[in-house]
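Each chain is listed here by its residues.
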Amino acid sequence: MAKKEQTPKIYFLDVTNRDGVQTAKLGLSKLEKTMINIYLNEVGVFQSEFGFPTTRHEARYLEANLELVKMGVLKPIRLEGWIRAIVEDVKTAFKFVPNIKHLNLSISTSEQMLKGKFRGKKTGDDIIKEMTDAVDAAKAMGAESIGVNAEDGSRTELGFLVKFGLAAKEHGAARLRYCDTLGYDNPFTIYETMKALAENVVMPLEVHCHGDLGMAVANSLAGAKGSVDGGQDAYINTTVNGIGERAGNADLVACILAITKSKGFAKKYQMGSPIKLTMAAKIAEFASYAFDVPIPLNQPGVGANAFAHASGIHADGVLKDPENYELYSYKELGRGKPKFVETGREIISGQYSGVAGFRHLMGKMNVSFASRDEAADILELVRYANVQSHKPLVEDELLFIAKYPHIAQKVLTQTPLVLETV
Ligand SMILES: [Zn+2]
């Protein structure tokens, strides 16, 4: 068995802009998705699954964010699009987003899906053929890295998963994503499966977990351990605040904490790129605001009660020495800074704002404009952003628009289809 010489490492691949936004009842504006990419880059996340290149209304946002990569604004993060593992999707992705460089191709692999979803019309070999044809097409069209996703991997027989992974590798895929699509695994089973895949497929693995049984973070940790023990790098799929389909995905901040703070883990299992945990509070708060979903009181690290002590014994203990009752410091997560809350008059940006109010608002952030016309142009973009998000923009969004107006314009531009049949 060939093993890599270096100790394998753990990386983060965040899917908030894909799994997060496909969550029922939730969504993000294209500017909010852009801000998530920017924050993920600051956190030190290796890759952001930034959207759907086969969806028309995503195309301009995706292209604009790829421009941010070229400009060095989104660096070193890698932006990757999610599509189905079929040639048709590959073609559409490159048609809508010609500059796309990284793709993940997804197809269901389980017996359940062969019977229940494909209605018995496809065999396992058909699935592998579709996937490898899609990988070939993506490579031919210029994809620099391709991940292949085994959807419903946890209900797929191991032998078939190995066969699927080996075929993907042979055709030039860079990683295999093991998807516990229904949150069916537990830390013991996922460890064994990931280790076996690492040893038998011999390629870097992604672990994608859901929280239907409340184990998404624990399973991610165990899965990553399995991959590393099997000799391969592990890429943990996360979302900010765990927002995702049904009961959600593995929470980014909780996964970082689990890897760096849990008993003895960090001694042997290390991250491949530096992570800035001090960004935790900021990205969690932004995602909460953008999705309009409050952060649970007891959320690890970033919940309002994560560092709150009321009982006498705990309060006394933590005052004597924080380590008595806290595993890590709130400062490590970027908490503890004073927050400015306006209790008097407030000028807010909105879709019907005027130039005078807008200049006043930006002036408070030390942004001034060369002329009234320039201010009016930036305001026009802010108004459109507000139309999409239905809420006042946060400071970082306003600053982003003022700094990169041409990118903002692309992100915000939506042109519906020409209707030919009605
Ligand atoms: Zn998922």
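Scroll up to find the structure.
Residues numbered from 1 in each chain as written. Predicted model: local features only at pLDDT ≥ 70, side-chain atom pairs only at ≥ 80, totals over all residues. Heavy atoms only, no water.

K.L.:
Hey, could you run me through the pattern of salt bridges in this one?
P.N.:
Opposite charge on two side chains permits them to pair, given that their charged atoms come into close proximity. In the structure shown here, the tally under the stated rule is 26 salt bridges. Between Arg84 and Asp89 there is a salt bridge whose closest N-O contact spans 2.9 Å. A residue is classified by how much of its surface remains accessible, and Arg84, at 42% relative accessible area, is partly exposed. Salt-bridge contacts for Lys129 lead to Asp133; the nearest nitrogen and oxygen are separated by 2.8 Å. Pair noted here: Lys129 and Asp133 are both in helix H6 (residues 124–140), with a separation of four residues, about one helical turn. The partly exposed category is assigned to Asp133, whose relative accessible area is 28%. Put simply, Arg18, Asp19, Glu49, Arg175, Arg177 and Glu206 are held in one network by salt bridges that share partners. (Salt bridge = Lys/Arg side-chain N within 4 Å of Asp/Glu carboxyl O. Buried < 20%, exposed > 50% of the residue type's maximum accessible area, 1.4 Å probe, protein only. Helix = DSSP H or I, 4+ residues; strand = E, 2+ residues; numbered from the N terminus.)

K.L.:
What is the right way to read a nonpolar patch on the surface from this model?
P.N.:
Together, Leu417, Leu419 and Val422 line one region of the surface with nonpolar side chains, adding up to about 360 Å² of accessible area. Topologically, Leu417 is positioned in the segment after helix H17 (405–412). (Patch = residues over 30% accessible without salt bridge, like charges linked within 9 Å, V, L, I, M, F, W, Y side chains within 5 Å. Areas by Shrake-Rupley, 256 points an atom, 1.4 Å probe, with all protein chains shown as cover.)

K.L.:
Sorry, what's going on with the pairing of strand E3 (residues 78–84) here?
P.N.:
The side chains of a regular strand alternate, first on one face of the sheet and then on the other. For E3, the tally of buried residues reaches five of seven residues, placing the bulk of the element in the interior. Read as a crossover between parallel neighbours, the route from strand E2 (residues 47–51) over helix H3 (residues 59–70) to E3 is right-handed. As a crossover connection, the stretch from E3 through helix H4 (residues 87–96) into strand E4 (residues 102–108) is right-handed. (Right-handed = clockwise from strand over helix to strand, strands pointing away.)

K.L.:
Would you mind showing me how to read H6 here?
P.N.:
Every α-helical turn comprises 3.6 residues, leaving residues that sit three or four positions apart pointing alike. The end-to-end C-alpha separation of H6 is 24 Å, in line with the 24 Å expected for 17 residues at 1.5 Å each. Along H6, the residues classified as buried are Gly124, Ile127, Ile128, Met131, Thr132, Ala134, Val135, Ala137 and Ala138. Those residues of H6 hidden inside the fold are in contact with H4, E4, helix H5 (111–116), strand E5 (145–151) and helix H7 (158–170). (Expected span 1.5 Å × (residues − 1). Contact = heavy atoms within 4.5 Å.)

K.L.:
What is the right way to read unusual backbone geometry from this model?
P.N.:
Glycine aside, a negative phi is what most residues show, and trans is what most peptide bonds show. A cis amide bond links Lys75 with the next residue in sequence, Pro76, at an omega value of 10 degrees. For Pro76, the location among the structural elements is in the loop between H3 and E3. A positive phi angle, near 65 degrees, is found at Asn241, a position not held by glycine. Within the secondary structure, Asn241 sits in the loop between strand E8 (234–238) and helix H10 (252–261). Although it is not a glycine, Asn366 sits at a positive phi angle of roughly 60 degrees. Assignment of secondary structure puts Asn366 in the loop between helix H14 (355–363) and helix H15 (372–389).

Don't take any of this as a statement about function, it's just geometry.
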